[in-house]
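Below, each chain spelled out in residue letters.
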Amino acid sequence: LISSIAKSLVYSRPAYFLRMAAANPQELEAIFLAASSLSRQDVPVPAKQVGRVGAYRKHFDAILPTSIRKALATAVDRYVAAGKPYDLVEWCRRVDSTARRAALLVGGDLELATAVGGAQVDEAEIASLLRHSVSDAHHTARVHLLLAND
């Protein structure tokens, strides 16, 4: 129950909602490319994603109002101007890591925290969680939330 609560809290944030909605980084990539292609015709779509991207784009065409399209176009233009390649696998890893820390904060259990997230937890992530679990910042946050005694 606690892992579900922590995961929902993290993934429900607007910036992370797509992590919950998309089953995996490939699905997220299709959503990203479809949304980007609404405002730019020069968005390259890998051959393996053409079908998925087309389906999402058709859906977005049908439901997105003009105001959302304008905001999306502005965001896409800013992203393209920055010249950074997207790495949705890394983005998913970071969102999942945030969810694990939230689970550790709420549940106080390392095993529970490692069960949260969509990807396999590697040794580096476990070590990071373990270090964080004994940090002053973690303890202070748990005391503040009345989840631990001072």
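Starting from 1, residues in each chain are numbered consecutively following that chain's sequence as written. Since the coordinates come from a predicted model, pLDDT governs what is reported: local features require at least 70, and pairs of side-chain atoms require 80 or more to be given and counted, while whole-chain, interface and lining totals use all residues. Hydrogen atoms and water are omitted, and side-chain values are computed over all heavy atoms in the structure.

(A) Region of interest: unusual backbone geometry. With a phi close to 60 degrees, Leu146 is a non-glycine residue in the positive phi region. For Leu146, the location among the structural elements is in the segment after helix H9 (136-144). For helices the rule is a DSSP run of H or I covering at least 4 residues; for strands it is a run of E covering at least 2, with both sets numbered from the N terminus onward.

(B) Local environment of the packing of helix H6 (residues 88-107) against helix H8 (residues 123-133). Fitted lines through C-alpha atoms serve as axes, helices being fitted only where they are in contact, and the angles separating the N-to-C directions of these axes extend from 0 to 180 degrees. Interhelical geometry of H6 versus H8 gives an angle of 35 degrees and a closest axis separation of 11 Å. As H6 runs across H8, the sense of the crossing is right-handed. Of H8, the residues touching H6 (which contributes Arg93, Ser97, Arg100, Arg101 and Leu104) are Glu125, Ser128, Leu129, His132 and Ser133. Classifying every residue of the contact of H6 with H8 gives two nonpolar, four polar and four charged. Crossings are sorted by hand: turned counterclockwise from the far helix by less than a right angle, the near helix makes the crossing left-handed, and turned clockwise it makes it right-handed. The criterion used for residue contact is that any of the two residues' heavy atoms lie within 4.5 Å. Under the convention adopted here, Pro, Cys and the residues Ala, Val, Leu, Ile, Met, Phe, Trp and Tyr are nonpolar, Asp, Glu, Lys and Arg are charged, and Gly plus all remaining residues are polar.

(C) Representation of the side chain of Arg40 in the model. Looking at the element boundaries, Arg40 is found in the loop between helix H3 (25-37) and helix H4 (50-63). Here the side chain of Arg40 touches Asp42 through a polar contact of 2.9 Å, side chain to side chain. Polar contact is the term for a pair of N or O atoms within 3.5 Å; when the atoms are in protein, one must be able to donate a hydrogen and the other to accept it, and sequence-neighboring residues count only if both atoms are side-chain atoms. A polar contact of 3.0 Å, which involves the side chain of Arg40, links it to the side chain of Asp77. If sequence neighbours within four positions are ignored, Arg40 has contacts with Val76, Asp77 and Val80.

(D) Region of interest: the layout of surface pockets. Site definitions follow a grid-based scheme: protein atoms alone, a 1 Å grid, a 1.4 Å probe that fits but cannot get out for cavities, and for pockets an open set with protein on both sides within 12 Å along at least five of seven lines, plus lining residues having an atom within 4 Å of a point. Grid points are joined across faces, edges and corners, and a volume is the space filled by probe spheres set on the points. The calculated volume of the largest pocket comes to roughly 910 Å³. Considering the residues around the largest pocket, the lining is formed by 30 residues, among which Phe32, Ala35, Ser36, Leu72 and Val76 are closest to the centre. For the lining of the largest pocket, the secondary-structure elements that each account for two or more residues are helix H2 (17-21), H3, helix H5 (66-82) and H6.

(E) Region of interest: the pattern of salt bridges. By definition, a salt bridge exists where a carboxyl oxygen of Asp or Glu is found within 4 Å of a side-chain nitrogen of Lys or Arg. Taken as a whole and assessed by the stated rule, the structure comprises nine salt bridges. Between Arg40 and Asp77 there is a salt bridge; the shortest N-O distance is 3.0 Å. Here Arg40 is found in the loop between H3 and H4, whereas its partner Asp77 is found in helix H5, with 37 residues between them in sequence. Classification of Asp77 by relative accessible area gives partly exposed; the value is 37%. Exposure is judged per residue with a 1.4 Å probe applied to protein chains only, and the accessible area is read against the type maximum: over 50% gives exposed, under 20% gives buried, and values in between give partly exposed.

(F) Spatial organisation of the nonpolar core. With 13 residues, the main nonpolar core has Ala22, Leu28, Ile31, Leu33, Ala34, Val53 and Phe60 as its most contacted residues. Secondary structure elements with two or more residues in this core: H3, H4 and H6. Counting residues per element, this core draws most heavily on H3, which supplies six residues. In contact with Ala22, not counting residues within four places along its chain, are Glu27, Leu28 and Ile31. Only buried residues count toward a nonpolar core, which is a set of Ala, Val, Leu, Ile, Met, Phe, Trp, Tyr and Cys residues joined through side-chain atoms within 4.5 Å. Counting residues in each nonpolar core, the second largest holds twelve residues, with Val10, Tyr11, Ala113 and Val116 among its members.

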